[in-house]
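Below, each chain spelled out in residue letters.
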Amino acid sequence: MKVVILKDAAAVARYGADIFINHINQKRDSVLGLATGSTPVALYKELIAAYETGRVSFKNVSSFNLDEYLGLPSTHPQSYRYFMKQQLFDHVDIDKTQTHVPAGDAEDPFAACEAYEKNIKQKGGIDIQLLGIGRNGHIGFNEPSSSLKSRTRVKTLTRATIDDNARFFGPDEYQPHLSITMGIGTILESKKVVLLATGENKAEAIKATVEGPLTAACPASALQLHEQVVLVIDEAAASHLS
Ligand code: F6R
């Protein structure tokens with residue numbers, strides 16, 4: 001596991017974006033694994049700027065997002081499909097038919113999970129997976145106690161995650177407690193993983209990921225099993241490392 005510690009969140013976004021830009025420029029038809037949440041927003045801004053200045057094209061790229069709320073249609077402003085459109089897809093030349101986000105409004109969510117796994121395999125697997133990390137060490141919506149071999153599935157969110165994400169929902173807005181998420185096993189099959197973390201509130205989760213035991217209590221610690229992982233973190237997120 002490579003750990004890159006940078007001064008602040010802006011530097012993390014630039015460094016992370018450069019990894020993706022270089023990857024796409026070496027393999028034009030890269031299969032990207034993408035994340036939502038607040039951390040990758042600055043990285044997506046860097047990617048959009050790089051596209052606008054001709055440093056990168058997403059024309060032949062395809063993508064799979066980590067997760068989606070169950071029970072929200074893709075047009076809902078809090079859905080992760082909507083987030084991706086707003087934060088990235090609408091601003092670059094990616095073919096939207098090649099962008100995949102788990103179907104939060106699927107009639108049969110269990111079948112949708114199986115189909116998602118199949119689709120990733122048919123594309124030849126994910127080349128490079130972007131991750132954020134929850135304060136409790138979750139990756140995707142794989143909450144503590146998730147099986148380290150888990151696949152894409154329906155998952156209940158923990159109270160901690162529901163509370164953390166409440167900031168995105170209005171006071172009277174319905175906030176789902178269920179999600180569809182790639183599993184830890186799915187994530188570990190990506191050829192390369194780039195995890196971003198910024199801010200002191202992620203410092204304990206980063207410490208557990210890097211220095212803790214391999215345990216389902218900290219899902220991100222499963223990344224210790226992967227040979228191509230880079231953690232790009234700011235000084236605040238690194239502040240509990242020994
Ligand atoms: C989002 C996701 C989550 C977030 C994590 C951190 O697709 O899978 O695991 O990466 O909750 O969220 P932020 O970046 O908002 O702190």
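See above for the structure.
Keep in mind the model is a prediction, meaning the values are calculated, not measured. (Residues numbered from 1 in each chain as written. Predicted model: local features only at pLDDT ≥ 70, side-chain atom pairs only at ≥ 80, totals over all residues. Heavy atoms only, no water.)

J.: Help me out: how do you make sense of the packing of helix H1 (residues 9-26) against helix H2 (residues 40-52) in this one?
T.: When two helices pack together, you describe them by how their axes are tilted relative to each other and by the distance separating the axes. Running from amino to carboxyl end, H1 crosses H2 at an angle of 50°, the nearest separation of the two axes being 8 Å. Relative to H2, the element H1 is oriented oblique. Like other packed secondary-structure pairs, H1 and H2 cross with a definite hand, here right-handed. Within the contact between the two elements, H1 uses Ala13, Arg14, Gly16, Ala17, Phe20 and Ile21 and H2 uses Ala42, Leu43, Glu46, Leu47 and Ala50. Across the contact of H1 with H2, the residue classes break down as eight nonpolar, one polar and two charged. (Axes fitted to C-alpha atoms, helices over the stretch in contact; angles between N-to-C directions. Helix = DSSP H or I, 4+ residues; strand = E, 2+ residues; numbered from the N terminus. Parallel < 35°, antiparallel > 145°, perpendicular 65-115°, else oblique. Left-handed = near helix turned anticlockwise from the far one by under 90°. Contact = heavy atoms within 4.5 Å. Nonpolar A, V, L, I, M, F, W, Y, C, P; charged D, E, K, R; others polar.)

J.: How should unusual backbone geometry be read in this particular structure?
T.: Most peptide bonds take the trans form, and the phi angle of most residues other than glycine is negative. Even without a glycine there, the phi angle at Ser145 is positive, about 90°. Mapped onto the elements, Ser145 comes out in the loop between strand S6 (128-131) and strand S7 (153-156).

J.: Looking at this structure, how should I read the pattern of salt bridges?
T.: Opposite charge on two side chains makes pairing possible when the charged atoms of those side chains draw close. What the rule picks out here adds up to eleven salt bridges. For Asp127, the salt bridge is made with Lys27, and the minimal N-O distance between the two is 2.9 Å. On the criterion of sequence distance, the pair formed by Asp127 in the loop between helix H4 (109-122) and S6 and Lys27 in the loop between H1 and strand S2 (31-34) is long-range, its members being 100 residues apart. Lys96 is the partner of Asp90 in a salt bridge, and the nearest nitrogen-oxygen pair spans 3.0 Å. Residue Asp90 is classed as partly exposed on the basis of its relative accessible area, which comes to 37%. By relative accessible area, Lys96 is classed as partly exposed at 38%. (Salt bridge = Lys/Arg side-chain N within 4 Å of Asp/Glu carboxyl O. Buried < 20%, exposed > 50% of the residue type's maximum accessible area, 1.4 Å probe, protein only.)

J.: Hey, could you run me through the side chain of Thr99 in this one?
T.: In this fold, Thr99 is placed in strand S5 (residues 99-100). Only 2.8 Å separates the side chain of Thr99 from the side chain of Arg81, close enough to count as a polar contact. Separated by 2.7 Å, the side chain of Thr99 and the backbone oxygen of Lys96 make a polar contact. If we skip the residues at most four places from it in the chain, Thr99 touches Ser63, Arg81, Phe89 and Ile94. (Polar contact = N/O pair within 3.5 Å; in protein donor to acceptor, adjacent residues only side chain to side chain.)

J.: I keep staring at the packing of aromatic side chains and nothing clicks. Help me out?
T.: Between two aromatic rings, the relevant description is the distance of the centres plus the angle of the planes. Counting across every chain of the model gives five aromatic pairs. With a centroid separation of 4.9 Å and an interplanar angle of 45°, the aromatic rings of Tyr69 and Tyr80 are classed as tilted. Taken together, the residues Tyr69 in strand S4 (residues 67-69) and Tyr80 in helix H3 (residues 80-87) connect sequence positions eleven residues apart. The two residues Tyr69 and Tyr80 agree in class, both being buried. An aromatic cluster is defined as three or more aromatic residues linked by ring pairs; in this entry it consists of Tyr69, Tyr80, Phe141 and Phe169. (Phe/Tyr/Trp six-rings, centres within 6.5 Å; stacked < 30°, edge-to-face > 60°.)

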